Amino acid sequence: MIIGEAGQAAQALWGDVLATSGRVYGGGGKGGQFKMDPDELSSVISQWEDVLDKIVEDGNKIQSLVYAPKLAPGEDAVSGSYASTTSDSIAALQRQNDSMRKYAQEYIKKLKAAQTKTVATDQDMSGTFKA
């Protein structure tokens, strides 16, 4: 289920990647908390790592465009402006890709930290129930 403008934007960017599992992960926490079991968390991390791989692939393609010659189609001012605008657009695309890559990397880092904490908490709690 896609909710709101942010959800629609994510779907436009990544297609149905977020909906392919057919389920929503986590939930049920009190006071704004978000809970999920370790298997769910592993699945979400794996999905984000797949998205990161695609972002990196796109970045490599964009990088090849950065170094491609930007020849104007003609020698007039309009053609020169076209080549300049193309370069500016590629640079903006690269900045956007870098931003998405950094975001995904940091998010994965936070998810892995949460996973480590969840596993440690589960292990601590399981000791309480042993006889």
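Residues numbered from 1 in each chain as written. Predicted model: local features only at pLDDT ≥ 70, side-chain atom pairs only at ≥ 80, totals over all residues. Heavy atoms only, no water.

> Please provide a residue-by-residue account of the pattern of salt bridges, values included.
This model, assessed by the stated rule, comprises two salt bridges. With a closest N to O distance of 3.1 Å, E49 and K112 form a salt bridge. Of this pair, E49 sits in helix α2 (residues 38-66) while K112 sits in helix α3 (residues 77-128), and the two are 63 residues apart along the sequence. Classification of E49 by relative accessible area gives partly exposed; the value is 29%. Accessibility expressed as a relative area gives 38% for K112, which makes it partly exposed. With a closest N to O distance of 3.5 Å, D98 and R101 form a salt bridge. One end of the pair is D98 and the other is R101, both in helix α3 and three residues apart, which spans about a single turn. (Salt bridge = Lys/Arg side-chain N within 4 Å of Asp/Glu carboxyl O. Helix = DSSP H or I, 4+ residues; strand = E, 2+ residues; numbered from the N terminus. Buried < 20%, exposed > 50% of the residue type's maximum accessible area, 1.4 Å probe, protein only.)

> Describe in detail the nonpolar core, supporting the description with residues and values.
Counting 11 residues, the largest nonpolar core is built from L41, V44, I45, W48, V51, L52, I55, M100, A104, I108 and L111. Broken down by secondary-structure element, the contributors of at least two residues to this core are α2 and α3. Looking at which element gives the most residues to this core, the answer is α2, with seven residues. Sequence-distant contacts of L111, that is, excluding residues within four places in its chain, are made with L41, V44, I45 and W48. (Core = buried A, V, L, I, M, F, W, Y, C linked by side-chain atoms within 4.5 Å. Contact = heavy atoms within 4.5 Å.)

> Just give me the short version of a negative patch on the surface, but keep the residues and values in it.
Taken together, the side chains of D50, D53, E57 and D58 define an acidic patch exposed on the protein surface. Judged by its relative accessible area of 46%, E57 is partly exposed. (Patch = residues over 30% accessible without salt bridge, like charges linked within 9 Å, V, L, I, M, F, W, Y side chains within 5 Å. Areas by Shrake-Rupley, 256 points an atom, 1.4 Å probe, with all protein chains shown as cover. Lys, Arg positive; Asp, Glu negative; His and termini not counted. Charge placed at Lys NZ, Arg CZ, Asp CG, Glu CD.)

> Describe the packing of aromatic side chains, with residues and values.
Scanning all chains against the criterion turns up three aromatic pairs. Considering the side-chain rings of W48 and Y107, the 4.8 Å spacing of their centres and the 55° angle between planes classify their relative orientation as tilted. Highlighted residues: W48 in helix α2 and Y107 in helix α3, separated in sequence by 59 residues. Relative accessible area serves as the criterion here: at 31%, Y107 is assigned to the partly exposed category. Members of the aromatic cluster, joined through ring pairs, are W48, Y103 and Y107. (Phe/Tyr/Trp six-rings, centres within 6.5 Å; stacked < 30°, edge-to-face > 60°.)

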